[in-house]
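Next come the chains, spelled out residue by residue.
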Amino acid sequence: MSTTTPYVLILFYSRQGATRAMAEAMAAGVESESGIAARLRTVPPVSATCEAVDPDIPAEGAVYASLDDLRHCTGLAIGSPTRFGNMAAPLKYFLDGSSELWMNGALIDKPASAFTSTASLHGGQETTLMTMLVPLLHHGMVLSGLPYSETELFTTTTGGTPYGASHLAGQRSNRSLDEQERSLCMAQGKRLARLALALAPMREST
């Protein structure tokens, strides 16, 4: 990827791999559009101890996000498993540390969306997505969901909402994405990429 290529930051936290699989499908959707790339980043777990002991670089998968990843993105998708109807603490912790970008207006008018995974069908997918969008509104971002032109929203019996892609991971959190869930993740990534490219000239002219 060229250093000048605009990118959608796909920022996620995943414990069992379901949210990571969604992020990868969303990245495929982003990169189905020419002229833009996907950048996968994760966040470290939050430790209850006073001293951090994890390495700076995870042993596998996406590297940890920095504020510069967020600062320079052209669009943003955030993903998290559900924790009592809200995002997981590690992702919230990272976003709570983005006040500098809020003060500088770095994310204003950039498109953003959210995605989530739950163990049970009624485990808080929609409340998680809606609450994840709140800090993005504070940053002045332009929210992007999933329109019902994505016909899988009418037929899915597992994940998928107009507020963002979702996934039913199952009681053991080992259920893979089905075709409809994957299709909706890709559609969300593609839509976000198109909006990012369309809105970029507007930001550059201000």
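- An unreviewed UniProt entry lists the protein under the name NAD(P)H dehydrogenase (Quinone), with Onishia taeanensis given as the organism.
- Under Sequence similarities (unreviewed entry), UniProt gives the following word-for-word description of the protein: "Belongs to the WrbA family."

### Quick notes on the packing of aromatic side chains
What characterises a pair of aromatic rings is the spacing of the ring centres plus the angle enclosed by the ring planes.
Then comes step 1: Going through the model one piece at a time under the given rule, you end up with one aromatic pair.
Then comes step 2: A ring pair is formed by Tyr148 and Phe154, whose centres lie 5.0 Å apart and whose planes are at 55 degrees; its orientation type is tilted.
Then comes step 3: By relative accessible area, which is 43% here, Tyr148 ends up partly exposed.
Then comes step 4: Positioned above the aromatic ring of Tyr7 is the side chain of Arg39, whose terminal nitrogen or guanidinium carbon lies 3.7 Å from the ring centre.

### Describing helix H1 (residues 18–30)
Then comes step 1: Taking 1.5 Å per residue, 13 residues should reach 18 Å; H1 reaches 19 Å between its end C-alpha atoms and fits that length.
Then comes step 2: Taken as a whole, H1 has its buried residues at Ala18, Thr19, Met22, Ala23, Ala25, Met26, Ala27, Gly29 and Val30.
Then comes step 3: On its buried face, H1 sits against strand S1 (7–12), strand S2 (37–42), strand S3 (75–83), strand S5 (111–118), strand S7 (166–168) and helix H7 (179–204).

### Here we look at the nonpolar core
Then comes step 1: Residues Leu11, Leu76, Ile78 and Leu91 are the most contacted members of the largest nonpolar core, which totals 25 residues.
Then comes step 2: Sort the elements by how many residues they give to this core and helix H5 (residues 125–138) lands first, with four residues.
Then comes step 3: Filtering out sequence-adjacent residues up to four positions away, Leu11 remains in contact with Arg41, Thr42, Val43, Ala65, Leu76, Ala77, Ile78, Gly79, Leu91 and Phe94.
Then comes step 4: Core analysis: the next-biggest nonpolar cluster, separate from the first, contains 24 residues, Met26, Ala38, Leu146 and Leu153 among them.

### Side note on the pairing of S2
Then comes step 1: Of all six residues in S2, five are buried, a share of seventy percent or more.
Then comes step 2: In this structure, S1 lies alongside S2, joined through six bridges in parallel fashion. From the neighbouring strand, Leu9 faces S2, where its bridge partner is Arg39.
Then comes step 3: Handedness of the crossover is the feature at issue here: the chain leaves S1, passes through H1, returns alongside S2, and the resulting connection is right-handed.

### Focus: the side chain of Ser98
Then comes step 1: Residue position: Ser98 is located in the loop between helix H3 (89–96) and helix H4 (99–104).
Then comes step 2: Look at Ser98 and you get buried, because its relative accessible area is 2%.
Then comes step 3: Here the side chain of Ser98 touches Leu95 through a polar contact of 2.6 Å, landing on its backbone oxygen.
Then comes step 4: Residue contacts for Ser98: discarding those within four places in its chain leaves Leu67, Leu70 and His139.

### Side note on the environment of Gly124
Then comes step 1: Of note, Gly124 is situated in the loop between S5 and H5.
Then comes step 2: Separated by 101 residues in the primary sequence, Gly124 and Ala23 place their C-alpha atoms 19 Å from one another.
Then comes step 3: Setting aside residues no more than four positions away along its own chain, Gly124 makes contact with Thr82, Gly85 and Thr118.

### A short note on unusual backbone geometry
Then comes step 1: The backbone phi angle of Phe84 is positive, close to 55 degrees, even though this residue is not glycine.
Then comes step 2: If you trace the backbone, Phe84 turns up in the loop between S3 and strand S4 (86–87).
Then comes step 3: Taking relative accessible area as the criterion, Phe84 reaches 90% and is therefore assigned exposed.
Then comes step 4: Phi at Asp109 is positive, roughly 70 degrees, even though this residue is not glycine.
Then comes step 5: The topology assignment puts Asp109 in the loop between H4 and S5.

Here is what the cut-offs are and how they apply
- Residues numbered from 1 in each chain as written.
- Predicted model: local features only at pLDDT ≥ 70, side-chain atom pairs only at ≥ 80, totals over all residues.
- Heavy atoms only, no water.
- UniProt positions renumbered as here; feature names shortened; annotations may be inferred.
- Phe/Tyr/Trp six-rings, centres within 6.5 Å; stacked < 30°, edge-to-face > 60°.
- Buried < 20%, exposed > 50% of the residue type's maximum accessible area, 1.4 Å probe, protein only.
- Lys NZ or Arg CZ within 6 Å of the ring centre and 35° of its normal.
- Helix = DSSP H or I, 4+ residues; strand = E, 2+ residues; numbered from the N terminus.
- Expected span 1.5 Å × (residues − 1).
- Contact = heavy atoms within 4.5 Å.
- Core = buried A, V, L, I, M, F, W, Y, C linked by side-chain atoms within 4.5 Å.
- Pairing = 2+ DSSP bridges.
- Right-handed = clockwise from strand over helix to strand, strands pointing away.
- Polar contact = N/O pair within 3.5 Å; in protein donor to acceptor, adjacent residues only side chain to side chain.

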